[in-house]
Amino acid sequence: MSSLVPDVSPEQLQQLKESAGRCIDEAGDVLSLLSSEIWRCPELAYQEEKAHEALVRFFSQQPGWTVQGHYLLNTAFRATWGPMGGREGDNVVNIGFLCEYDALPGIGHACGHNLIAEVGAAAALGVKGALGALSHCPVRAKVTVLGTPAEEDGGGKIDLIQAGAFEGMDVVFMAHPSQEDVAYCADLAEIDLTVKYHGKASHAAAYPWKGINALDAAVLAYNNLSVLRQQLKPEWRIHGIIKHGGVKPNIIPDYSELFFYLRTPKHQDLPHIKEKAEKCFRSAAMATGCQVNLEYGKNEFYNILRNITLERAYEENGKTLGIEFITNEKLQEIPLGSTDFGNVSFVVPGIHTYFYIGSNALNHTEEYTAAAGAEKAQFYTLRTAKAMAMTALDVLFCPELLQRVRDEYAEAKLKEESG
Ligand SMILES: NCCCC[C@H](NC(=O)CCN)C(=O)O
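Residues numbered from 1 in each chain as written. Predicted model: local features only at pLDDT ≥ 70, side-chain atom pairs only at ≥ 80, totals over all residues. Heavy atoms only, no water.

(A) Up close: unusual backbone geometry. Gly82 connects to Pro83 through a cis peptide bond whose omega is 5°. Its identity is not glycine, yet Leu72 carries a phi of approximately 70°, on the positive side. Residue classification places Leu72 among the partly exposed residues on the basis of a relative accessible area of 45%. (Buried < 20%, exposed > 50% of the residue type's maximum accessible area, 1.4 Å probe, protein only.)

Now the structure itself:
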C-alpha cells in the first residue's frame with residue numbers, strides 16, 4: 001500500500017474501512033427500502049420521476065447532505081457532503097458515486113439499475129459515515145452522489161458531462177449488476193440509428209405495380225446487414241428491430257422504420273461501422289425506389305477508458321469481503337454491451353465494476369428483473385458498496401495511489417486519443 005497522509009496509520013485506515021462497512025450495514029434497511037421503491041415503479045429513460053423523487057428524499061433525510069433535485073436534467077440529482085477536514089489551502093479530493101435508475105420497456109428493472117442506485121447511495125453513506133466520525137479528518141474530502149438518468153436510452157451521463165456536472169470530481173465509482181464480480185469489462189462504443197423508408201401506397205392486389213414498397217426496403221436492409229456481419233470484426237455488433245412495417249396486407253406499405261444499435265470496441269471505429277451500415281440501408285432504398293432518412297442518436301456512447309490501478313485497489317478491498325473476482329483478461333475482453341459511463345471515463349478517472357446479485361439469470365430478461373428485486377440481492381449489493389467505499393478511502397488517504405490513478409488516466413487517454 002502506498003504511504004498514507006500524515007496522522008493516518010495503516011491500522012487507522014483499516015478502522016476507517018471497517019467503520020464505513022458498519023455505516024452501510026446500519027443503513028441496510030433504508031437502503032433496501034429505497035431500492036425496492038425504485039424497483040416497484042420502473043420508469044423509462046428521462047422519465048424516472050418517482051425514482052428521482054425517492055433518491056432526493058433519501059438524501060434529504062440523511063444528515064449533512066446538500067441535495068439538488070432536477071440537477072441540470074429533469075430527473076438527475078446531486079447530493080454532496082463536504083468539503084470537510086484538512087487544513088487551510090489543502091486541495092479538496094472529491095469522490096463521486098453514480099446512481100442509475102432507469103428501467104427497460106415491458107420488463108422493468110431487468111438490468112438491475114435499482115441496485116446501481118442503491119450501491120452508489122450506500123457507498124456514499126459509508127464514506128461519509130466513516131469520515132464524519134473522525135474528530136478531525138486530515139484530508140479535505142468531499143463526497144458527491146450524482147443521479148445519472150437514461151443509461152439505457154439516450155445517455156444521461158453524456159448530457160451531464162456536457163453540462164459540466166463532472167467538473168471538479170477526482171475519481172468516480174459505480175457498479176452494475178451482472179452474473180459475476182469483475183472490476184472491468186470491455187463495454188463497447190455505441191450509436192443508435194433510426195432508419196425511415198418512404199414509398200408509395202397502392203392496392204396490393206388490384207394494382208401493386210403502382211406502389212413503392214417501404215416494407216420491402218426494410219426487409220432488404222435487414223438482410224443486407226445480416227450478410228454484412230460475416231465481414232465485420234468479431235467484437236463489432238449491428239443489431240436492431242423493424243419498428244413499423246405497414247398497416248394492412250392489402251395496402252403496399254408507404255412507410256417503414258427500423259431502429260438499430262451499431263457497436264465497436266473503440267469509439268474511433270464508429271465511423272467505419274456507420275459507413276458499412278449506411279450502404280446496406282441506402283442500397284435497399286435504391287433497389288425499391290424508396291426515399292430513406294438516416295437519423296443517428298444524439299449521443300455516442302464511448303468504450304470505457306479503464307484504470308487498472310483503481311481496479312486493483314477495488315479488487316484488493318473486495319477480496320477482504322469475500323468477493324471472488326474474474327481476473328482473466330480474456331474473459332474481461334468479452335463485451336457485455338455499452339454504457340454512457342464510457343464517456344465519463346474519458347473526463348474523470350473511474351471504474352464501472354460488475355457484481356453478482358445471487359442469481360445466474362441474464363440481464364434484460366424477466367428472470368433478472370425478479371432477481372434485482374429479490375431480498376437475496378441485498379447482501380451482494382451492500383458488499384459491493386463496502387468495497388467501493390473502502391477503495392474511495394484508499395484514494396482519499398493514499399496520495400501516491402491517487403497520483404498513480406491520475407497518471408494512468410492521463411497516459412491511457414493520450415494513447416486512446418492518439419489512436
Ligand atoms: N444507446 C443505447 C445504449 C444501450 C445501453 C445498454 N446498456 C446495458 O445493457 C448496460 C450494461 N452494459 C446496452 O448495452 O444495450
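Don't stop here, the text continues.
(B) Representation of the domain arrangement of the chain within the structure. Each domain of the chain was delimited in the assignment, giving domain 1 (2-187 + 304-417) and domain 2 (189-296). Distance between the C-alpha centres of domain 1 and domain 2: 38 Å. Every contact between the two is made by nine residues of domain 1 and, on the other side, ten residues of domain 2. Of all residues in domain 1, Pro335, Ser338 and Glu416 give up the largest surface area on contact with domain 2, accounting jointly for 59% of the area buried on that side. Taken together, the connections running from domain 1 to domain 2 amount to one salt bridge. (Domains from an automatic or database assignment. Contact = heavy atoms within 4.5 Å. Buried area = accessible area lost by both parts, 1.4 Å probe. Salt bridge = Lys/Arg side-chain N within 4 Å of Asp/Glu carboxyl O.)

(C) Fine view of empty space enclosed by the protein. Tallying each qualifying case throughout the model produces one cavity of 30 Å³ or more. In this model, the largest cavity occupies a volume close to 30 Å³. Ala183, Tyr184, Ile304, Arg306, Asn307, Glu311, Gly350, Ile351 and His352 together form the lining of the largest cavity. By residue class, the composition of the lining of the largest cavity is four nonpolar, three polar and two charged. (1 Å grid on protein atoms, 1.4 Å probe; cavity = no way out; pocket = protein on both sides within 12 Å on 5 of 7 lines; lining within 4 Å. Points joined across faces, edges and corners; volume = space filled by probe spheres on them. Nonpolar A, V, L, I, M, F, W, Y, C, P; charged D, E, K, R; others polar.)

(D) Spatial organisation of the sheet that holds strand 8 (residues 237-244). Spatial strand order, 8-9-7-10: four strands in an open sheet with antiparallel pairing. Single-partner strands in this sheet number two, and they are strand 8 and strand 10 (291-296). For this sheet, the mean angle separating the axes of adjacent strands, direction not counted, is 20°. In terms of strand pairing, strand 7 (residues 189-198) meets strand 10 through six bridges, oriented antiparallel. (Pairing = 2+ DSSP bridges. Helix = DSSP H or I, 4+ residues; strand = E, 2+ residues; numbered from the N terminus. Axes fitted to C-alpha atoms, helices over the stretch in contact; angles between N-to-C directions.)

(E) Structural context of the site of the ligand. If you check the shell around the ligand, you find 14 residues, and the closest are Glu151, Glu190, Asp192, Arg263 and Ser338. In the model, a nitrogen atom of the ligand is placed 2.7 Å from a nitrogen or oxygen of the Asp192 side chain. Here an oxygen atom of the ligand and a side-chain polar atom of His364 are 3.3 Å apart. If you map the ligand onto the pockets, it falls in the largest pocket. (Near = heavy atom within 4 Å. Polar contact = N/O pair within 3.5 Å; in protein donor to acceptor, adjacent residues only side chain to side chain. Sits in = over half its atoms within 2 Å of the grid points.)

(F) Region of the structure containing the pattern of salt bridges. Counted according to the given criterion, the structure contains 19 salt bridges. Of the charged contacts in the structure, one is a salt bridge between Arg87 and Asp7, with a shortest N-O distance of 2.9 Å. Highlighted residues: Arg87 in the loop between strand 2 (77-84) and strand 3 (93-99) and Asp7 in the segment before helix 1 (10-26), separated in sequence by 80 residues. Taking the shortest distance from any N to any O, the salt bridge between Glu100 and Lys157 comes out at 2.5 Å. Of this pair, Glu100 sits in the loop between strand 3 and helix 4 (113-132) while Lys157 sits in helix 5 (residues 156-162); the two residues are 57 residues apart in sequence, bridging distant segments of the chain. Residue class for Glu100 comes out buried when judged on its relative accessible area of 0%. Salt bridges here are not isolated pairs; linked through shared partners, they connect Arg306, Glu311, Arg312, Glu315 and Glu329.

(G) Spotlight on the packing of aromatic side chains. If you walk through the whole model with that rule in mind, you get twelve aromatic pairs. On the basis of an interplanar angle of 75° and a centroid distance of 5.6 Å, the ring pair of Phe260 and Phe281 is categorised as edge-to-face. Here Phe260 is found in strand 9 (residues 255-264), whereas its partner Phe281 is found in helix 7 (residues 270-288), with 21 residues between them in sequence. Here a set of aromatic residues connected by ring pairs shows up, and it is made of Phe58, Phe59, Trp65, Phe77 and Tyr101. Between Lys274 and the ring centre of Tyr296, over which it is positioned, the NZ or CZ distance is 4.3 Å. (Phe/Tyr/Trp six-rings, centres within 6.5 Å; stacked < 30°, edge-to-face > 60°. Lys NZ or Arg CZ within 6 Å of the ring centre and 35° of its normal.)

(H) Broad picture of the packing of helix 2 (residues 28-40) against helix 3 (residues 49-60). Orientation of helix 2 relative to helix 3, taken along the N-to-C sense of each, is 165°, at an axis distance of 9 Å. Judged by the angle between their axes, helix 2 and helix 3 are roughly antiparallel. The crossing of helix 2 and helix 3 is right-handed. Each of Val30, Leu31, Leu34, Glu37 and Ile38 in helix 2 lies in contact with helix 3, whose residues at this interface are Ala51, Ala54, Leu55, Arg57 and Phe58. Of the residues that constitute the contact of helix 2 with helix 3, the class distribution is eight nonpolar, no polar and two charged. (Parallel < 35°, antiparallel > 145°, perpendicular 65-115°, else oblique. Left-handed = near helix turned anticlockwise from the far one by under 90°.)

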